Structures are given as structure tokens and as C-alpha cells.
Amino acid sequence: MLVLFREEQRWEDRTVRELPQFMRHGDCLVLNDSKVFPSRLLGYRSGMHASGKVELLLIRPLSADAKTWSALAHPGRKLRTGERIQFDGVEAEIIGRGDYGERTVHFRLDGDLFALLEKIGHVPLPPYIKRPDTPEDRERYQTVFAREAGSVAAPTAGLHFTPEILDACRRAGAEIAHVTLHVGLGTFQPIRGEELHSERFHITAENARRIKQSERVINVGTTSVRAIESMFLGKQHETDLFIRPGFQFQRTDAMLTNFHLPQSSLLVLVCAFAGREFVLGAYQHAIELGYRFYSYGDCMLIV
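Report on the accompanying structure.

Sheet strands pair via backbone hydrogen bonds, and the direction of the pair is either parallel or antiparallel. What the six strands build is a closed barrel, ordered β5-β6-β7-β10-β9-β8; its pairing is antiparallel. Taken pair by pair, the neighbouring strands of this sheet meet at an average axis angle of 45°, ignoring direction. In terms of strand pairing, strand β6 (residues 53–61) meets strand β7 (residues 68–74) through six bridges, oriented antiparallel. By the bridge assignment for β7, Leu56 is matched with Ala73.

This is the structure we're talking about:
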């Protein structure tokens, strides 16, 4: 864990198990409790053979019964409106097209789609993990505090926590608050234009009270930052908030976050919080010392 001190413009090489040392009474540690669901489906185009294989990544439900979804499709160019896909005996139809390869998909089934996904869905591992998903990934690619299914990628800063570290943070005086922001395209796609894809979020009244009344808010992950800042901007249920340099943070006093890739909105958010030159200097230090990037990589605490 690389610790960045904004006021002093310096950093220290530490470890995640030392995180509780940076907690104090009056702090509120904010965790995104969204849970990754098995949103990757492997099927084939109706009436075709092996050459007609199709992969869908379900992004977000578009209907109250969760049978119509926005999804990414591969191979996207070949899937036209009206085409049907078979997934272990369940049929889905492409009923619309969107930007950046998105498709609107309607599933024809009588039961609950989420129950079906638990049986036939695959864990949407990051693309740089070059292996099929395993049953163990359903637990490993998940935070220990995940509760509400809806994300297509883990809020990765939370992967560093164990129950023991959380207990140590509490003993140090930090209160815990949960928010829920379901990770979708707005979090992990490269920057395209001036807007992000909208993502679903909610914060209960009790958790909002804890956050508002705390002396210092420490957001775990950029998704927690976006949820909190969206709440203070009056947004409800949906957010397309794109945080960039010049943004006035309302309730983010410190942040734990992983190392992000160039051309990502996540890196832009971190630069908005701590300053571009300072952050890029810290990134160069991390590269030189062999810090790990990506979802399963190391993290930085910015105070």
C-alpha cells in the first residue's frame, strides 16, 4: 500500500495490514457492498452450429422483472435485431442496439433470471486473466462485505479487506458505512467523450446519516467516491457523474484505491482528488518499485 500525503506532497511505502493505523475516532470508512453476479453467458445463435457461438455480458436490467437487459455481445457485429440465442435451453432475443457494441436482450423464461444465472452464468473475470472462471472465483472475485448482487466487476479496492482488518479499523475508532453502486460500463470502460454510462446506486438513510455526521470520510474505492459525491449533488438511484480536475469534492476526505490504467475515468478521478502531477509521480514510484496494477493488484491510500 502506497500512502500519499496530499498536504505534504510526499508518499510512504506501507502495507495494507497497516491501514488501521491511519484510522481515528470520528472517521467513517465507506464500503461499496455491491456483489458481482455471474453475468457472463455462453450460448449459440439459433439454427446454427459451433460456428455460431455467442457470448453476452449482462450489464444492467432494463425491466422490472429483470428479463430485459442491456448487454455487451461478442461477436457484436453479427448479432442483429431479431436474432435469437440459446443458453442451455433458454432463449433470448436481440431487440435493440446501442452505442459501443451494446445490445438490448430479452429472455424468454417463466422463472427468475437471477436464479438461472446462478446455474449457467460465468463470473465476469477481468480480460487480462487468461483462463476460464472456476467455482472458486464466485467467492474470490468478491469483497468480504458484498451483499447486493448487481455488479459486473468487483469494486476492487474492497478486495484488500479481511474481517480482521475491518475489526481493527473499528477498534481504531472508525465507523463503517455501506453504499451500493453496481459497477457497470461507467466504471471500467475507457473514456469516450464527456459523459460516463449511468450506473445504479443507493444509500440508506442510516448510512447517509453516518457519512454526514462523521468528522472524516474515507471512501474505499472510486465507486464509493462516486456514490457519495452523487448523493451530495442530489442524484438518486442513477449516476453518470464524471469526476475530473476542477471538481469540488463535498464529502471525500481520504480515499483507498487501486492503481488504474491510462485513459480511464478512474485515474482522472484520482488526479482530481490529489493533483495530476503528484499522482503521476507516485505512479512512477510505484512502477519503479514493482507495485502491482489491475484488479488484483496493490493499492494506495490518499490522505
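For the rest of this paragraph, the subject is the sheet that holds strand β15 (residues 238–239). Spatial strand order, β2-β1-β17-β16-β14-β3-β12-β13-β15: nine strands in an open sheet with mixed pairing. Every other strand in the sheet has two partners, leaving β2 (10–13) and β15 as the edge strands with one partner each. Examined bridge by bridge, strand β1 (residues 2–5) and β2 share four bridges and lie antiparallel to one another. Following the sheet pairing, Leu2 is matched in β2 by Asp13. Seen against the sheet, helix α5 (residues 205–213) touches β3 (27–32), β12 (175–181) and β14 (216–220) and runs at an angle of roughly 125° to β12.

In terms of burial, helix α7 (residues 265–274) is a largely internal element, nine of the ten residues being buried. Within the span of α7, buried status applies to Ser265, Leu266, Leu267, Leu269, Val270, Cys271, Ala272, Phe273 and Ala274. At the exit of α7 stands Gly275, carrying a positive phi of roughly 100°.

Our focus in this paragraph is the packing of aromatic side chains. In this structure the tally under the stated criterion is 14 aromatic pairs. Measuring from centroid to centroid gives 6.2 Å for Phe87 and Phe107, while their planes differ by 40°, and the two rings are tilted. Here Phe107 lies in strand β10 (residues 102–108) and Phe87 lies in strand β8 (residues 84–87), a separation of 20 residues in the sequence. Given the relative accessible area of 1%, Phe87 is considered buried. Look at Phe107 and you get buried, because its relative accessible area is 2%. Note on Phe247 and Phe249: the rings are 5.0 Å apart at their centroids and 80° apart in plane angle, and the pair reads as edge-to-face. With a relative accessible area of 18%, Phe247 lands in the buried category. An aromatic cluster of at least three residues, connected via ring pairs, comprises Phe259, Tyr283, Tyr291 and Phe293. Seen from the ring of Phe273, Arg6 lies directly overhead, with NZ or CZ sitting 3.9 Å from the centre. The ring of Phe5 is capped by Arg10, whose NZ or CZ atom sits 4.1 Å from the centre of that ring.

Attention shifts here to the pattern of salt bridges. A complete count under the given rule lists 24 salt bridges for this structure. The closest approach of N and O atoms between Arg40 and Glu55, which form a salt bridge, is 2.7 Å. Taken together, the residues span a long stretch of sequence, with Arg40 in strand β5 (residues 40–45) and Glu55 in strand β6 at a distance of 15 residues. According to the relative accessible area criterion, Glu55 is partly exposed, its value standing at 27%. Linking Asp240 and Lys235 is a salt bridge whose minimum nitrogen-to-oxygen distance equals 3.6 Å. With a relative accessible area of 35%, Asp240 lands in the partly exposed category. Note on Lys235: relative accessible area 28%, which makes it partly exposed. Each member of the salt-bridge network shares a partner with another, and the members are Glu8, Arg10, Glu12, Arg14 and Glu18.

Parameters and conventions
- Residues numbered from 1 in each chain as written.
- Predicted model: local features only at pLDDT ≥ 70, side-chain atom pairs only at ≥ 80, totals over all residues.
- Heavy atoms only, no water.
- Pairing = 2+ DSSP bridges.
- Helix = DSSP H or I, 4+ residues; strand = E, 2+ residues; numbered from the N terminus.
- Axes fitted to C-alpha atoms, helices over the stretch in contact; angles between N-to-C directions.
- Contact = heavy atoms within 4.5 Å.
- Buried < 20%, exposed > 50% of the residue type's maximum accessible area, 1.4 Å probe, protein only.
- Phe/Tyr/Trp six-rings, centres within 6.5 Å; stacked < 30°, edge-to-face > 60°.
- Lys NZ or Arg CZ within 6 Å of the ring centre and 35° of its normal.
- Salt bridge = Lys/Arg side-chain N within 4 Å of Asp/Glu carboxyl O.

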